[in-house]
Amino acid sequence: MGATSKVEIRGEDAPPTDTWTTVTGTWHPKGTLGSDAAWPPVLDAGSLKTVRQPSDPYETR
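Worth saying up front: this structure is predicted, and the values here are computed from it rather than measured.

For the coordinates displayed, the defined rule picks out one salt bridge. Ionic pairing is found between Arg10 and Glu8, a salt bridge with its closest N-O pair at 2.7 Å. Judged by relative accessible area, Arg10 falls into the partly exposed class, the value being 39%. Look at Glu8 and you get partly exposed, because its relative accessible area is 30%.

Turning our eyes to something else, we now look at the sheet that holds strand E1 (residues 8–10). An order of E1-E3-E2 is seen for the three strands of this open sheet, with the pairing classed as mixed. The two strands at the open ends of the sheet, each matched to only one other strand, are E1 and strand E2 (20–28). Strand-to-strand twist across the sheet, computed as the mean angle between neighbouring axes with direction ignored, equals 55°. Pairing between E1 and strand E3 (residues 42–51): three bridges, direction parallel. Residue pairing in the sheet places Ile9 in a bridge with Leu43 of E3.

Calculation notes
Residues numbered from 1 in each chain as written. Predicted model: local features only at pLDDT ≥ 70, side-chain atom pairs only at ≥ 80, totals over all residues. Heavy atoms only, no water. Salt bridge = Lys/Arg side-chain N within 4 Å of Asp/Glu carboxyl O. Buried < 20%, exposed > 50% of the residue type's maximum accessible area, 1.4 Å probe, protein only. Pairing = 2+ DSSP bridges. Helix = DSSP H or I, 4+ residues; strand = E, 2+ residues; numbered from the N terminus. Axes fitted to C-alpha atoms, helices over the stretch in contact; angles between N-to-C directions.

The following block contains the structure:
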């Protein structure tokens, strides 16, 4: 299971509120990953697909 994260997605319209999506694209870090200079992370969308909400949408590891 992947982790959740907040990123800026470019190249697609924003989905409706409370919609779960899978986005594939090109990652453009602005600085060293994990540093304040890398915020906000940016992804140029190649595809965006609406998916069903996971059974445990906010699982922690």
